[in-house]
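# Coordinates in review
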Number of protein chains: 2
Amino acid sequence: MSLETLSTNKSFGGTQGAYRHDSRETGTPMTFSVYLPPQAAAGAKLPVVWYLSGLTCTHANVTEKGEYRRTCAELGLIFVAPDTSPRGEGVPDDPAGAYDFGLGAGFYVDATEPPFATHYRMYSYITRELPELIASHFPADMSRQAITGHSMGGHGALTIALKHPETYRSVSAFAPIVAPSQVPWGEKALSGYLGADRATWRAHDATSLVEDGKRADEILIDQGESDGFLAEQLQTHLFAAACEKVGIPLTLRMQPGYDHSYYFISTFLEDHLRWHAARLS
Amino acid sequence: MSLETLSTNKSFGGTQGAYRHDSRETGTPMTFSVYLPPQAAAGAKLPVVWYLSGLTCTHANVTEKGEYRRTCAELGLIFVAPDTSPRGEGVPDDPAGAYDFGLGAGFYVDATEPPFATHYRMYSYITRELPELIASHFPADMSRQAITGHSMGGHGALTIALKHPETYRSVSAFAPIVAPSQVPWGEKALSGYLGADRATWRAHDATSLVEDGKRADEILIDQGESDGFLAEQLQTHLFAAACEKVGIPLTLRMQPGYDHSYYFISTFLEDHLRWHAARLS
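Now for a description of the structure that goes with this document. (Residues numbered from 1 in each chain as written. Chains lettered and ligands numbered in written order. Predicted model: local features only at pLDDT ≥ 70, side-chain atom pairs only at ≥ 80, totals over all residues. Heavy atoms only, no water.)

### Some points on the interface of chain A and chain B
Facing the 23 residues of chain A at the interface are 22 residues of chain B. Here chain A meets chain B over a buried area of about 2000 Å², counting both sides, of which 47% is carbon and sulfur. When the buried area of chain A at its contact with chain B is split by residue, Lys10(A), Glu67(A) and Tyr263(A) rank highest and sum to 35% of it. Between Glu67(B) and Arg69(A) there is a salt bridge, with its nearest N and O atoms 3.3 Å apart. No other element matches the five residues that helix α9 (residues 262-280) of chain A contributes to the side of chain A that touches chain B. Of the residues assigned to the side of chain A that touches chain B, the class counts are five nonpolar, ten polar and eight charged. (Contact = heavy atoms within 4.5 Å. Buried area = accessible area lost by both parts, 1.4 Å probe. Salt bridge = Lys/Arg side-chain N within 4 Å of Asp/Glu carboxyl O. Helix = DSSP H or I, 4+ residues; strand = E, 2+ residues; numbered from the N terminus. Nonpolar A, V, L, I, M, F, W, Y, C, P; charged D, E, K, R; others polar.)

Shown next, in the form of structure tokens:
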């Protein structure tokens, strides 16, 4: 598994890098970013925080706007930010070019529907291929992984953590899509990637996963009260109700005045990193 | 002086805004950003930190990548980020479209040469028009202003502060152009905007200004040692020598491994904000 270094920049005493590799899962070149905190220079293996991004994003959005490096440098956390879909020649997109399906909108599933099944394998990419690559190229302690994400990436973080509690010691999310089967973004994506049989969607719906018996030790979610997507697409209350019903400790912080942007995420990402670090140490 | 609000986002308890107005100086619409910390809600007038950006930038670069809001929220600082040139229909650009002259490269001077003299009035815009606008629309204590900037904006901050010590209580810079009369970027810009008579350049050259008797109480500069522009365009040592000769206390921190990017700026901007806050209180 070879890795091409696109850029490295010293920042907060560590190294912010961007990298590209040919993915066996997506069949395309894939780009991602890794922040190595200054502690990496000492040779120790360090815990890893995965950050899954939202619709329309690449690795670059959180890398530029997330404001995570100061805290990662303090706490000794490796921060990995993958892309949100395969890209490039031959990768099918939304037929109308919409922002919420296809390119930039992989929804962290392995598609089964043509023409998407060939390249849209983000679930296997995030849960298997990229961790192997990280483990082999960076000083990462893969026994100490945490996962978080924003919006579509919050959906990815919650569903992946619920299905792999042995891999991810902690999980949090920013303004996540929590019940894709019940909202327009999710219905479009899951039907497009997985087909019309809603039974297959349950494995990629955090609320359904909890209803079907998946568990997490605890979950942290921040949600802006002025988020324009809250009422229609996010509906955080559906997941909160499912967690409450089965006794999953969910810390849901409704943040007055905050919207869906990186101005919201960057405000609270430090809190999440400290929360994860406490559970990774 | 009317002001159009382009966007506001809650962040770190305060408000990050972007605004546009019709500038009398440039004869164009001008865009800038202002961060109001949470203390603004209490009605007090707050000190102002001006951040002047570098070549190719707009207000957006530091607004998205500067990572200043957390510290401004803690310290109660208003942070203002102007654009770097006039823009729009009828504004002349570099004849070859180069990045280092014309659009995005106003160099914080009032041009005297045609065809630039009409619109390129960034010096008067930054030192007179925009402060009036800020004073009339935001809870700004204009008796407590500090100024900083990056690269071309570091040049702007140093030259403006040296000429207006009564206005700016403190000045710092990131990787500034310190002697434009002696480096390619500056020679191109100053000849293009001010003409061939190098005597007129001295009022816009920080090193010349010190040689000609301008003073500052103290100055803070951070400069990356791995900055690819250091040897040819920045030549920080020229300014350090001029300051040393006349006894201006310059804290010049050469930062090993750091380059010219926002990964460098964001690492040290907190230090600068604390340094300014101490001098503004």
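### Some remarks on the sheet that holds strand β2 (residues 14-22) of chain A
The strand order β1-β2-β3-β5-β4-β6-β7-β8-β9 (chain A) describes an open sheet built from nine strands, whose pairing is mixed. Only two strands of the sheet have a single neighbouring strand rather than two, namely β1 (4-11) and β9 (250-255) of chain A. When the angles between neighbouring strand axes are averaged without regard to direction, this sheet yields 20 degrees. Packing against the sheet, helix α9 (residues 262-280) of chain B makes contact with β1 and β2 of chain A, and its axis sits at approximately 25 degrees to β1(A). (Pairing = 2+ DSSP bridges. Axes fitted to C-alpha atoms, helices over the stretch in contact; angles between N-to-C directions.)

### Here's the deal with empty space enclosed by the protein
Per the stated rule, a full pass over the model turns up one cavity of 30 Å³ or more. Estimated volume of the largest cavity: approximately 120 Å³. Together, Phe12(A), Glu67(A), Arg70(A), Ser266(A), Thr267(A), Glu270(A), Phe12(B), Glu67(B), Arg70(B), Thr71(B), Ser266(B) and Glu270(B) line the largest cavity. Among the elements of the structure, α9 of chain A together with α2 (69-75) and α9 of chain B are those that each provide at least two residues to the lining of the largest cavity. Here the lining of the largest cavity takes three residues from α9(A), the largest share from any one element. Grouping the amino acids of the lining of the largest cavity by side-chain chemistry returns two nonpolar, four polar and six charged. (1 Å grid on protein atoms, 1.4 Å probe; cavity = no way out; pocket = protein on both sides within 12 Å on 5 of 7 lines; lining within 4 Å. Points joined across faces, edges and corners; volume = space filled by probe spheres on them.)

### Remarks on the sheet that holds strand β1 (residues 4-11) of chain B
By way of backbone hydrogen bonds, the strands of a sheet pair with one another, either parallel or antiparallel. Read from one edge to the other, the open sheet built from nine strands follows the order β1-β2-β3-β5-β4-β6-β7-β8-β9 (chain B), with strand pairing classed as mixed. Both edges of this open sheet fall to β1 and β9 (250-255) of chain B, since each of them pairs with a single strand only. Averaged over all pairs of adjacent strands, the angle between strand axes in this sheet comes to 20 degrees, irrespective of strand direction. Sheet topology places strand β8 (residues 219-224) of chain B next to β9(B); six bridges connect them, and they run parallel. In the strand pairing of β9(B), Asp222(B) is matched with Arg253(B). In the packing of α9(A) onto the sheet, contacts are made with β1 and β2 (14-22) of chain B, and the angle to β1(B) comes to roughly 25 degrees.

### Details of the packing of aromatic side chains
According to the stated counting rule, one finds 32 aromatic pairs over all chains in the structure shown. Over the ring of Tyr68(A) we find Arg69(A), and its NZ or CZ is 5.0 Å from the ring centre. (Phe/Tyr/Trp six-rings, centres within 6.5 Å; stacked < 30°, edge-to-face > 60°. Lys NZ or Arg CZ within 6 Å of the ring centre and 35° of its normal.)

### Remarks on the pattern of salt bridges
Per the stated rule, a full pass over the model turns up 40 salt bridges over all chains. For Glu4(A), the salt bridge goes to Arg20(A), with nearest N and O atoms at 3.1 Å. Taken together, the residues span a long stretch of sequence, with Glu4(A) in strand β1 and Arg20(A) in strand β2 at a distance of 16 residues. Of the residues examined, Arg20(A) reaches a relative accessible area of 32% and is grouped as partly exposed. One salt bridge in this structure joins Asp141(B) and Arg144(B), with 2.8 Å as the shortest N-O distance. One salt-bridge network, held together by shared partners, links Arg24(A), Glu25(A), Asp110(A), Arg121(A), Arg128(A) and Glu132(A). (Buried < 20%, exposed > 50% of the residue type's maximum accessible area, 1.4 Å probe, protein only.)

### Focus on the relation of the copies chain A and chain B
Superposition record for chain A on chain B: RMSD 0.0 Å, screw rotation 180 degrees, translation along axis 0.0 Å. Viewed as a symmetry operation, the transformation between the two copies matches a two-fold axis. Comparing interface residues between copies, 96% of those in chain A also lie at the interface in chain B; the contact surface is shared. (Least-squares fit on C-alpha atoms with pLDDT ≥ 70 in both.)

### Describing helix α5 (residues 184-194) of chain A
Residues and elements named next belong to chain A. If you check which residues of α5 are buried, you get Trp 185, Gly 186, Ala 189, Leu 190, Gly 192, Tyr 193 and Leu 194. Angular distribution of buried residues about the axis of α5 spans 165 degrees; they occupy a single face of the element. Residues of α5 that are buried in the fold lie against α7 (230-234). (Arc of directions from axis to C-beta.)

### With respect to the pairing of strand β4 (residues 46-52) of chain A
All names here are of chain A. The buried fraction of β4 amounts to seven of the seven residues, a majority that puts the element mostly inside the structure. Sheet topology note: the β4/strand β6 (residues 140-149) ladder contains six bridges and is parallel. Residue pairing across strands places Leu 52 opposite Gly 149, the latter belonging to β6. Across three bridges, the pairing between β4 and strand β5 (residues 78-82) is parallel. Paired with Val 48 across the bridge in β5 is Ile 78.

### Digging into helix α3 (residues 122-137) of chain B
Of all bends in α3(B), the biggest is about 35 degrees, found at Leu130(B), and the proline Pro131(B) comes one to four residues later. Within α3(B), burial applies to Met122(B), Tyr123(B), Ser124(B), Tyr125(B), Ile126(B), Thr127(B), Glu129(B), Leu130(B), Pro131(B), Leu133(B) and Ile134(B). (Bend = angle between axes of the 7 residues up to and from the residue.)

### Things to note about the side chain of Ser181(B)
Residues and elements named next belong to chain B. Assignment of secondary structure puts Ser 181 in the loop between β7 (168-174) and α5 (184-194). Only 2.7 Å separates the side chain of Ser 181 from the side chain of Asp 205, close enough to count as a polar contact. Residues in contact with Ser 181, not counting those within four places in the same chain, are Glu 187, Leu 190, Arg 198, Trp 201, Asp 205 and Ser 208. (Polar contact = N/O pair within 3.5 Å; in protein donor to acceptor, adjacent residues only side chain to side chain.)

### Concerning unusual backbone geometry
With an omega of 0 degrees, the peptide bond running from Pro114(A) to Pro115(A) counts as cis. With respect to the helices and strands, the residue Pro115(A) is situated in the loop between β5 and α3 (122-137). Located in the positive-phi region is Gln235(B), a residue other than glycine, with phi close to 50 degrees. For Gln235(B), the location among the structural elements is in the loop between α7 (230-234) and α8 (236-246). Residue Gln235(B) is classed as buried on the basis of its relative accessible area, which comes to 19%.

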